[in-house]
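What follows is each chain in one-letter form.
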Amino acid sequence: MKHVLKDVESKFEMFQILNEDGEVVNKEFMPDLSDDELRELMRRMVYTRILDQRSIALNRQGRLGFYAPTAGQEASQLGSHFAIEKEDFILPGYRDVPQLIWQGLPLYQAFLFSKGHFHGNQYTEELQAFAPQIIIGAQYVQAAGVALGMKLRGKKNVAITYTGDGGTSQGDFYEGINFAGAYQAPAIFIVQNNRFAISVPVEKQTAAKTLAQKAVAAGIEGIQVDGMDVLAVYAATKDARDRAVNGEGPTLIETMTYRFGPHTMSGDDPTRYRSDDLDKEWEKKDPLVRFRKFLEGKKLWSEEDENRVIEEAKEDIKEAIKKADQYPKQKVTDFINYMNEELPLNLQEQLKEYEAKESK
Amino acid sequence: MAQMTMIQAITDAMRTELKNDPNVLVFGEDVGQNGGVFRATEGLQAEFGEERVFDTPLAESGIGGLAIGLATQGYRPVPEIQFFGFLFEVMDSIAGQMSRTRFRSGGTHHSPITVRAPFGGGVRTPELHADSLEGLVAQTPGLKVVIPSTPYEAKGLLISAIRDNDPVVFLEHMKLYRSFREEVPEEEYTIPIGKAAVKREGKDVTLIAYGAMVHAALKAADELAEDGIEAEVIDLRTVSPVDYETIITSVEKTNRVVVIQEAQRQAGVAAAVAAEIQERAILHLEAPVLRVTAPDTVYPFAEAEEVWLPNHKDIVEKVNQVINF
């Protein structure tokens, strides 16, 4: 008998461009980004780190609601997002609010989403995206549909979707990558492997050595990328996008990353399942530190640049939270009106009932 | 006019809308070249091409997700779930996702999806094919649930469902697929969703049913007429939302009601209908609202279907109880 598992697994080596010291170790795949674009990537990562810190603080003050911290995952989130175009469609998980923001979601709406206000999900026509998905993996089957629709329309666009390591255990994960493969639909499936699905380590999630290798079973390309290296994530996503719009089918990208914070701000305590040593090991890989070193070496980033972005972010956040705080409260009649295009009989009756209550 | 079975009328409705609207897509397991396991999509792929009518991989959640995604690109998906017993596999896509698209996005996205599925007992299927699971979806806000009982209505209701800009679950009782033919216009027409139909007029008792049970109720009404009891038969046609206007008008006339469903008794459509009647018309009632349902067991194995499924005799018995209360 010929056993191929080890052989197949050995082919999935982690793709990296910058090492932890910000040195280019894979020149061949260095993406073709201008100095301005490199600086913009750094600006977005710094801004998003500040947004995360402020969001955690605002949550603790009770001014925000549901919040899933993002620090540590900036390279995975923003590097992949940087490779897509304005007309591409994003299907995020609930930690993937930064990608929506950089695709054009106003900050105050991101805060309204966190507070649990439906206006946070009312996107303009220009923002091609679904609101963050709460059910783990459901966005994967939907991404296959968005991508098939783009293919049928003859668009040169992609659907990009995000889940985590835990998400790859879901049936919808397999159904999504398999459907997209069967239709050779232009989809990009990102798995941010931050090593823990709330508390369960990835080693307990699956016998697979990599999550990227799950692509093989679906007959699609899969790649494991250093998710703390923004250039590697960008390059892998750009390659996936180029192939997708060229009719070469979907790609599964596993980004090896880490969330520095808790799962969400709803009572999760990472010290129950993660060691200090592991935290420290991953802090050394901080995507911001690495990319900053790289840019400083090229004289493209300075402390003044950094401080300017921090101030810009703080100012924006202050304005946005003020707007979110003052936003009109939701009414039951709003909910009734957003259920259907035309109100069915039961809701017509209930609308009258609640209009009367609300006018008291 | 042509004589059509219900399955032919359903095919005709899909053909009509595939012709009318280039955004309509029909897909599911075996619906392409094979024309569906019940031949509901017979000839449609040959007529409209593989981009409009196509097979999917064998995964119901994937089919539901595909529909939701396709809608973002301006399509009007008409997915088939091969048997409604496979609802559990696609429950998240239907009840957790497409039913909430408009609400979740504050009206900026919607899911103009018609999920078609065969269901219903009496045709000796294996387990989890025949179950009446309409109650599970009828309880889900954001879904309309339509169950036709005749070929003519199947065509008109399915065209309405496909044109609806919100998700509709369209359930086709397997026993009715080929049980009889009737005149069905070849041209297009619609029947409004959410409107019941009075299938027989009567003054003594109101029988409320849907799907195959409409025919059991009509048979019971024939038998009751021989004893001088004139039963009015209402076909709900849509089990969510329910047309209480038609029901209450009838109850005010007959003062006696039996609600009939093929599904088990616990919760479900008949329970909701009975509750609404007593809230809206208790002073018009001369007797409690009784139900004819299947018992609260798992749907039986095929050989025992006849002893388990409600039939016209059960209906006659309950009518006699409300008449003699």
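Residues numbered from 1 in each chain as written. Chains lettered and ligands numbered in written order. Predicted model: local features only at pLDDT ≥ 70, side-chain atom pairs only at ≥ 80, totals over all residues. Heavy atoms only, no water.

(A) Quick peek at the overall build of chain A. A count of helical and extended segments in chain A gives 15 helices and 7 strands. Along the three orthogonal principal directions, the C-alpha set of chain A runs to about 70 × 55 × 45 Å. The buried share among the 360 residues of chain A stands at 59%. By sequence separation, contacts in chain A at least 24 residues apart represent 75% of the contacts at least 6 residues apart. Within the structure as shown, chain A displays about 16000 Å² of accessible surface, and the carbon and sulfur contribution to it stands at 49%. Taking the 46 positively charged and 57 negatively charged side chains of chain A as two groups, their mean positions are separated by 2 Å. (Helix = DSSP H or I, 4+ residues; strand = E, 2+ residues; numbered from the N terminus. Buried < 20%, exposed > 50% of the residue type's maximum accessible area, 1.4 Å probe, protein only. Contact = heavy atoms within 4.5 Å. Areas by Shrake-Rupley, 256 points an atom, 1.4 Å probe, with all protein chains shown as cover. Lys, Arg positive; Asp, Glu negative; His and termini not counted. Charge placed at Lys NZ, Arg CZ, Asp CG, Glu CD.)

(B) Just the environment of R290(A), in detail. All names here are of chain A. Along the polypeptide, R290 turns up in helix 12 (residues 287-297). Owing to a relative accessible area of 1%, R290 belongs among the buried residues under this scheme. Between the alpha carbons of R290 and I310 there is a distance of 18 Å; along the sequence they are 20 residues apart. Excluding residues within four positions of it along the chain, R290 makes contact with Q16, L18, N19, E20, G22, D226, M228, D229 and K285. Of note is the side chain of R290, whose polar atom sits 3.4 Å from the backbone oxygen of K285. (Polar contact = N/O pair within 3.5 Å; in protein donor to acceptor, adjacent residues only side chain to side chain.)

(C) How the structure looks around the packing of aromatic side chains. Within the structure shown, the criterion is met by 24 aromatic pairs over all chains. Ring centres 6.3 Å apart and planes at 65° place the aromatic pair F179(A) and Y183(A) in the edge-to-face group. The pair F179(A) / Y183(A) is uniform in exposure class, with both members buried. Here the aromatic rings of F27(B) and F54(B) are separated by 5.2 Å at their centres, their planes lie at 10°, and the arrangement is stacked. (Phe/Tyr/Trp six-rings, centres within 6.5 Å; stacked < 30°, edge-to-face > 60°.)

(D) Inspection of the layout of surface pockets at higher detail. Considering only enclosed or pocket space, the largest pocket measures out at about 1100 Å³ in volume. Taken together, 45 residues make up the lining of the largest pocket; nearest its centre are N346(A), A138(B), V239(B), S240(B) and A272(B). Top element by residues in the lining of the largest pocket is helix 15 (residues 345-358) of chain A. It accounts for 8 residues. Partitioned by chemical class, the residues of the lining of the largest pocket number 23 nonpolar, 14 polar and 8 charged. (1 Å grid on protein atoms, 1.4 Å probe; cavity = no way out; pocket = protein on both sides within 12 Å on 5 of 7 lines; lining within 4 Å. Points joined across faces, edges and corners; volume = space filled by probe spheres on them. Nonpolar A, V, L, I, M, F, W, Y, C, P; charged D, E, K, R; others polar.)

(E) Highlighting the pairing of strand 5 (residues 114-119) of chain B. Residues and elements named next belong to chain B. Extensive coverage of strand 5 is indicated by the burial of 6 of its 6 residues. Burial of the side chains of strand 5 extends over both faces: T114, R116 and P118 are buried on one face and V115, A117 and F119 on the other. Here 6 bridges tie strand 5 to strand 7 (residues 168-173), and the two strands are oriented parallel to one another. Looking at the pairing, V115 lines up with V169 of strand 7. (Pairing = 2+ DSSP bridges.)

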